[in-house]
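# Geometric and topological summary
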Amino acid sequence: MQRSLLVSRWEVHVTDQAHTVEHHHDEEGTRLGFWLFLYTELFLFGAFFLVYAVYRSAHVDEFKIAAESLNTTLGAVNTIILLTSSLTMVLSLDALKSGAVKLAKIFLITTILLGLAFLVIKGFEWAAKFEHHLFLQTASGIAAGEGSPLLTPGPEMLPNGQVLFFGLYFIMTGTHALHIIIGGIWMGLVYYWISKGSITPDNTGVLERSGLYWHLVDVIWIFLFPLYYLVA
Amino acid sequence: MEKAMNQSYLNSHTSTKWTKGFMSWFMSTDHKRIGVMYAFTTFFFFFGAVILGFFMKLQKMYPASSGWEIIPAEWYGSFFTLHAIIMIFLFIIPGAPAILGNFFLPLQIGAKDVAFPRVNLLSFWLYLFGAVMAVVGVLLGGADTGWTFTPPYSVTTKSISLFGIDFDSVSWMLTAAFILGWGTILTGINFIVTIHRMRARGMGLFRMPLFTWSIYATSWLQVLATPVVGITLLMIVIERMLPVGFFDPTKGGDPILFQHLFWIYSHPAVYIMILPSMGLVSEIIPTNSQKPIFGYKSIAIASVSIAAVGYLIWAHHMFTTGMSDFAAVLFSFLTFFVAIPTAIKVFNWTATLYKGSITLTPAMLFALAFIFNFSIGGLTGMFLGSLSTDIHLHDTDFIVAHFHYTMFGGAAFGLIGGIFHYFPKMFGKMYSLLWAKIGFVFMFVGFNALYFPMLWLGYYGMPRRYHTYPDIPIFNDLQMASTIGSWILVTGVIIVLSVWIHALLKGKRTSEQNPWNSSTLEWQTATPPILFNFEEELEITRDPYDYEAFHAEVAAGKSVGGSRD
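Residues numbered from 1 in each chain as written. Chains lettered and ligands numbered in written order. Predicted model: local features only at pLDDT ≥ 70, side-chain atom pairs only at ≥ 80, totals over all residues.

This part takes up the overall build of chain A. Along its length, chain A carries seven helices and three strands. When the helices and strands of chain A are read in sequence order from the N terminus, they spell out β-β-β-α-α-α-α-α-α-α. Each of the 232 residues in chain A was classed as buried or not, and the buried ones make up 32%. (Helix = DSSP H or I, 4+ residues; strand = E, 2+ residues; numbered from the N terminus. Buried ≥ 20, exposed ≤ 12 C-beta atoms within 10 Å, placed from the backbone.)

Here it is, written out as structure tokens:
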């Protein structure tokens, strides 16, 4: 025996044994919560940016020399890719809102593919750095003699400022790439939910929030790009 | 049908799948059940950390020359680290907001649950996961960095290999703290949205009870401050694993930068700990004085301004570690400034007592002890906030006593008082008032006997974190007094916890709605509360502490009063 009655914002199904509760969506509340979450993400990166700023001012020249070794062209291409992906994300949301489900799915898949392209290019950049012995190795690796002479104490070691630069470069772009991966997986799920019919033109909240997340990842890259590639 | 709806939350469930035993709690999205689960876990950890503290005090009973050794020197660091991590991250930060905030925030504002019930459960799981991780980590490898994880020591220290396994327990603990941080952030977001979106009709912001106000200020701090420390702790993990010297001066890094990033969270964190307890005291005192609270708005605004100013004073932890004179003076000034809203609250509480009809319930005793202890804690904080005395008192037992007066004598006493206040409502069981009061006397006397001598010890130069001390008469006497105080305190803690456990198992059942005759909304529902808190849609027509209107409502049969009148 099941009956449902609407209690305020809550849909409550009463059965003989128990109540199942479905949160009746308070879209505005969810959006408020999500913006607060985005804020915490921003502060997480904010700490990184603060560390970058402090060490850049302490090692101005060494940061410049190290920055020159980064491939500005690849960085610029990646920036264009991410900006474009933000555009396709908005277009996808717009299409879904106007009822063009198929078009929305095409734009969404384009966004995911652009995210993948970003990761592939990032991978090439990292690989090029590794070839030049610029990578972070673990303590046990160093003990086993596998460490890069450029980054471990010794006659060939780079100056401190450059080591810090590359350390921050790998960790900040790495954390950013992690966010791209999370965003990509989320958009994949959204694609699945649209296909399944649980995200519809009347119910675009989840797509909208995954879009907000994606724009945040984009905005962070917009700051990473000039700080690492352009201020050389 | 209606009957099923109106059952106690202890007998009804949010899911059809999990309706029995352990899983009906562990999978429940009901804010009340989640609050109760936090209560059990946090107080379990609290008791464990009290035992650690008991042994640390026992170790200090006799000076080094006597040959007295309870804890080996190399273990002492791990003892106080584990004590601090449990007390701070597992007990007092989640304590009041997660137990009583979860349980009573929706009840106080007339909501059916928090805004994101499933995220709320996720917060609890994150908390539990991080807590187990932290405790397992320390048991497997020890960690003697102190809870502040200050580099370079936290980077260079090696784990103690207990079972012959190579286990990096420091990185493990840091990761655990990161996970715990996400639990707190999600709780904070949840409460902010709940307060903004789910208040009952007529419940304006300035009609919210003061506990809700304090939770609101706390939530903002949790959201604003926690991400920074999370990423900072991860940087230490990275520095331990990879050769990047973010905070290592020999590699171009700056260890003082770590301290800034750490205290930018961890100073606001002390307000995360104290604000909810201040809120609880603001509930207990008007109830047990049967009077409107003095200066309602000023207490509400003081909560928010403590949070705002408290965010800007982190560097007063670093007066001795290197900072420009200008910055030091500025931080000192702001530190004094934050005392103003705090003092306003203390003034308002005492003014509420004036000409009140005071009942000394156990909750009220703890609330009054809160004011006494917290005043000592706050005033000794002024000693430390002034630059010259801080140089003398820094890193001594004076600081240890100061923050125990605020965190234990303040925050924890307030929380325990809050639990005594709300216990009958939460469980529908009554505890022994007499034993609760006996427990209070032991805790209050023991607490002051333990920590007041430590203020002296610190003033005479006893450094903190030391495993033992030289044979000097003044040290010997004060340390002995402090150790004896710890025995009384532990007895008090055991009595209080036993009172609760006994009441849960064998306590007298009560369905009295409003045992303390309180005017706030959370008492106007069944005891224990029903699954969705209130039977009908609510319309709030008066201020929370308007006792005159409340007494009139009770006389007219519109509200449920208490038996005490």
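Next comes the rest of the description.
Counting its secondary structure elements, chain B contains 17 helices and two strands. A globule of 565 residues ought to have a C-alpha radius of gyration of about 24 Å, and chain B, at 24 Å, matches this closely. Every one of the 565 residues in chain B was classed for burial, and the buried ones make up 56%. In chain B, of all internal contacts separated by at least 6 residues, the share reaching a separation of at least 24 is 84%. (Rg over C-alpha atoms; globule rule 2.2 N^0.38 Å. Contact = placed C-beta atoms within 7 Å.)

This brings us to the confidence of the model for chain B. On average, chain B scores 91 in pLDDT, and the residues at 70 or more come to 97%. Per-element averaging of pLDDT across chain B places helix α1 (residues 2-5) of chain B at the bottom with 50 and helix α15 (residues 433-459) of chain B at the top with 97. (pLDDT = per-residue confidence, 0-100.)

Moving on to the nonpolar core. Side chains that are nonpolar tend, in soluble globular proteins, to be buried together. Of all hydrophobic cores here, the largest spans 208 residues; its most connected members are Ile92(B), Met173(B), Ile192(B), Met273(B), Phe366(B) and Ala367(B). Per-element accounting of this core gives the leading share, 22 residues, to helix α4 (residues 73-109) of chain B. Residues within four places of Met273(B) in sequence aside, it is in contact with Ile92(B), Ile93(B), Met407(B) and Ala411(B). Residues Leu108(A), Ile112(A), Met187(A) and Tyr191(A) belong to the second largest nonpolar core, which totals 12 residues. (Core = buried A, V, L, I, M, F, W, Y, C linked by C-beta atoms within 7 Å.)

Residues and elements named next belong to chain B. Running from N to C, α15 and helix α16 (residues 473-506) point in directions that differ by 155°, and their axes come no closer than 7 Å. Classed by the angle they form, the pair α15 and α16 counts as roughly antiparallel. Two packed elements cross with a definite hand, and for α15 against α16 that hand is left-handed. Among the residues forming the contact of α15 with α16, the class breakdown is 23 nonpolar, eight polar and no charged. (Axes fitted to C-alpha atoms, helices over the stretch in contact; angles between N-to-C directions. Parallel < 35°, antiparallel > 145°, perpendicular 65-115°, else oblique. Left-handed = near helix turned anticlockwise from the far one by under 90°. Nonpolar A, V, L, I, M, F, W, Y, C, P; charged D, E, K, R; others polar.)

Here we take up helix α11 (residues 325-353) of chain B. Residues and elements named next belong to chain B. For α11, which comprises 29 residues, the first-to-last C-alpha distance of 43 Å matches the rise-based estimate of 42 Å (1.5 Å per residue) to within 8%. Buried within α11 we find Phe331, Ser332, Thr335, Val338, Pro341, Thr342, Lys345, Trp349 and Thr352. If you follow the buried residues of α11, they end up packed against α9 (255-289), α10 (296-310), α12 (362-385) and α13 (387-393). Of the residues flanking the end of α11, it is Lys355, one or two places downstream, whose phi is positive at about 60°. (Expected span 1.5 Å × (residues − 1).)

This part covers helix α14 (residues 397-427) of chain B. Residues and elements named next belong to chain B. Maximal helix bending in α14 amounts to about 45°, located at His421; proline Pro424 follows within four positions. Of all 31 residues making up α14, 30 are buried, and the element is well covered by its neighbours. Of the residues trailing α14, Gly428 is marked for its positive phi of about 65°. (Bend = angle between axes of the 7 residues up to and from the residue.)

Attention now moves to the packing of α12(B) against α14(B). Residue and element names in this part refer to chain B. Put simply, α12 and α14 touch, their axes get as near as 8 Å, and they point 160° apart. The angle between the axes of α12 and α14 places the two elements in the roughly antiparallel class. Crossing hand, α12 versus α14: left-handed. By residue class, the composition of the contact of α12 with α14 is 14 nonpolar, 12 polar and no charged.

Residues and elements named next belong to chain B. Its location among the elements puts Ile344 in helix α11. The class for Ile344 is partly exposed, based on 17 C-beta atoms found within 10 Å. When the C-alpha atoms of Ile344 and Ser298 are compared, they prove to be 7.6 Å apart, with 46 residues separating the residues in sequence.

Our focus in this paragraph is the environment of Ala412(B). All names here are of chain B. Positionally, Ala412 belongs in helix α14. Measuring from C-alpha to C-alpha, the distance between Ala412 and Thr194 comes to 25 Å, with 218 residues separating the pair along the chain. Ignoring sequence-local partners within four residues, the contact set of Ala412 consists of Ile92 and Met407.

Another aspect to go through is the environment of Arg33(B). All names here are of chain B. Mapped onto the elements of the fold, Arg33 is located in helix α3 (residues 31-59). Expressed as a C-alpha distance, the spacing of Arg33 and Tyr216, which sit 183 residues apart in the sequence, is 21 Å. Setting aside chain neighbours within four positions, we find Arg33 in contact with Tyr9, Trp25 and Ser28.

Right, let's get into unusual backbone geometry. In terms of backbone geometry, most residues other than glycine have negative phi values and most peptide bonds are trans. Residue and element names in this part refer to chain B. Residue Pro151 is joined to Pro152 through a cis peptide bond whose omega torsion reads 5°. Tracing the sequence through the fold places Pro152 in the loop between α5 (117-141) and α6 (153-156). The step from Thr527 to Pro528 runs through a cis peptide bond, and the omega angle for that step is -10°. One can find Pro528 in the loop between β2 (508-509) and α17 (547-555). For Asp395, which is not glycine, the phi torsion reads 60° and is therefore positive. Structurally, Asp395 can be placed in the loop between α13 and α14. We classify Asp395 as partly exposed; it has 13 C-beta atoms within 10 Å. Despite not being glycine, Asn533 shows a phi value in the positive range, around 75°. You can see Asn533 is positioned in the loop between β2 and α17. When the 22 C-beta atoms within 10 Å are taken as the criterion, Asn533 is described as buried.

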